[in-house]
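# Structural overview for review
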Amino acid sequence: MTRLVSVTEAKAKLTALVHASEDEDVILLRHGTPAALLISTKRYQALLDELDEVEDRLSVYERDDDLAISVDKLAAAVRTGRCGLR
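Notes on the structure in this doc start here. Predicted model only: the values in this text are computed from it and were never measured. (Residues numbered from 1 in each chain as written. Predicted model: local features only at pLDDT ≥ 70, side-chain atom pairs only at ≥ 80, totals over all residues. Heavy atoms only, no water.)

## Focus on the sheet that holds strand S3 (residues 33-38)
Hydrogen bonding along the main chain pairs the strands of a sheet, whether they run parallel or antiparallel. Put simply, the rule is: For two strands to count as paired, DSSP must find a minimum of two bridges between them. Runs of H or I in DSSP of at least four residues are treated as helices and runs of E of at least two as strands, each being numbered from the N terminus. The axes used here are C-alpha line fits, helices contributing only the stretch in contact, and every angle between their N-to-C directions lies in the interval 0 to 180 degrees.
Spatially, the three strands line up as an open sheet ordered S1-S2-S3, and their pairing is mixed. A single partner strand is all that each edge strand has here, and the edge strands are strand S1 (2-6) and S3. Strand-to-strand twist of the sheet, defined as the mean angle between neighbouring strand axes without regard to direction, takes the value 30°.

## Side note on unusual backbone geometry
Phi is positive for His31, close to 55°, though the residue is something other than glycine. Position of His31 relative to the elements: it lies in the loop between strand S2 (25-30) and S3.

## Quick look at the pattern of salt bridges
Our working rule: We define a salt bridge as a side-chain nitrogen of Lys or Arg found within 4 Å of a carboxyl oxygen belonging to Asp or Glu. Think of it in three bands: with a 1.4 Å probe and only protein chains considered, a residue is buried below 20% of the maximum accessible area for its type, exposed above 50%, and partly exposed in between.
The tally for this structure, following the rule as stated, stands at three salt bridges. Of the charged contacts, one joins Glu24 and Arg3 as a salt bridge, the two residues approaching to 3.0 Å between their closest N and O atoms. Of this pair, Glu24 sits in the loop between helix H2 (14-20) and S2 while Arg3 sits in strand S1, and the two are 21 residues apart along the sequence. Residue Glu24 is classed as buried on the basis of its relative accessible area, which comes to 11%. Residue class for Arg3 comes out partly exposed when judged on its relative accessible area of 34%.

This is the structure in structure tokens:
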């Protein structure tokens, strides 16, 4: 589940939102547009672990020249949200 909160509201309720991020992602909106994401450190670490696993799996294929994109480029795309995986 995801909670949408304005930056103004987030300033007033930061402590509560940090606690809420343990159960749900909190998207901070600036003028109605997503500006930042507040997630728990546990979820953040899980995402990093998953990314590492994907990189490991892809490196096997990359060695066989089966991929048209390098793992480094794919990882950069995933980290910046430019890969279209949502």
